[in-house]
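Tertiary structure, described
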Amino acid sequence: MPAITSTAPGKIILFGEHAVVYHRPAIAVPVQSLRTRVVITADPLATPGTIHIEAPAINLNSDILDLVPEDHLVLTITNIMKEIGITYIPACNIRISSTIPVAAGLGSGAAASVALIRAFSTFLGKPFPDDLVNKLAFEIEKIHHGTPSGIDNTVITYNMPVYFQYGQPLQKFQIKLPFTILIADTGVPSKTAITVRKVRQGWEQSPEKFENIFDEIAEITNQGKHAIEIGNILALGKLMDQNQILLQAIGVSSAEIGILIDAAKQAGAIGAKLSGGGGGGNIIALVDEESAKNVGKALLEAGAKHVYQNQLRTSH
Ligand code: MEV
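Fair warning: this is a prediction, and the values are worked out from it, not measured in the lab.

Topic: helix α2 (residues 108-123)
Compared with an ideal rise of 1.5 Å per residue, which puts 16 residues at 22 Å, α2 spans 22 Å between its outermost C-alpha atoms and is within 8% of the ideal. Most of α2 sits inside the fold, with 13 of its 16 residues counted as buried. In the stretch just after α2, G125 is the one whose phi turns positive, near 85 degrees.

Re the packing of aromatic side chains
For the coordinates displayed, the defined rule picks out four aromatic pairs. Each ring, one from Y22 and one from F214, has its centre 4.5 Å from the other, and the planes form 20 degrees; the classification is stacked. Of this pair, Y22 sits in the loop between β1 (4-15) and β2 (26-42) while F214 sits in helix α6 (residues 207-230), and the two are 192 residues apart along the sequence. For the pair Y22 and F214, one class covers both residues: buried. Ring plane angle 20 degrees and centroid distance 6.0 Å describe the contact between F120 and F123, whose orientation is recorded as stacked. One end of the pair is F120 and the other is F123, both in helix α2 and three residues apart, which spans about a single turn.

Conventions adopted
- Residues numbered from 1 in each chain as written.
- Predicted model: local features only at pLDDT ≥ 70, side-chain atom pairs only at ≥ 80, totals over all residues.
- Heavy atoms only, no water.
- Helix = DSSP H or I, 4+ residues; strand = E, 2+ residues; numbered from the N terminus.
- Expected span 1.5 Å × (residues − 1).
- Buried < 20%, exposed > 50% of the residue type's maximum accessible area, 1.4 Å probe, protein only.
- Phe/Tyr/Trp six-rings, centres within 6.5 Å; stacked < 30°, edge-to-face > 60°.

Here it is, written out as structure tokens:
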């Protein structure tokens, strides 16, 4: 049997992170240049049912039986088997490799789930449709971080720019003019679960204040969608700046994020904000052709561990 391979992209959130957990809309886009790859090969010499998993990014090299049952990879595999209704599987090796930085707000967890669900269901002869991949990946997101909105698994499963609101049908949108985003890594790992919990505590203490901020973020997200649809890049940058101020107000920015944002803006970025859970992780900066190089350089000089360039356009 030939090896089964599946890949999934990373993601960035352009507008609306955290507020989206409280059922406000958010906009996310896939990042094609950062990817997780899952390769599954049958192992006819091993005892049937043996599954060996190797995932160097998280220092994992183990038989599935040696992992705790609540491990998210084990749960992904058992959920797929339950869904298909089988208990027996041929022995196999699963290798998960990724260029998406872990705990950096770029969707590494959701990408691993999506690629694994696709590859393993195909390996078992029942490749799952996107809606089922998305549903199962959402179940795993819940284990990763308690109360996820579902935006990460959605943008990564469907692999297209999305305007997402919990419980609403997914909306696509057109990108009138292509635009360039630099993604810069603070190098500070930050688990989304922790910042999501921090926001929850703030919301419990001052519900009115947080609800008002979430409403303001929702308004910015809607204006951001409009700016993208009409190709108003200057407005888009301003809205990113405004979103960042509100993310600061709910306590998910950090000194390192602030340093990179200031460096990007001083070097000519049109707008900049954190992206994803915050508390560390990555910032995104909107640049034009003239400023891209300078901003990239300034970000590295200000301490960014990596800068990735990503051009956003509607794919046809
Ligand atoms: C994480 O990429 C985005 C958050 O809004 C969490 C979520 O939506 O589940 C911080």
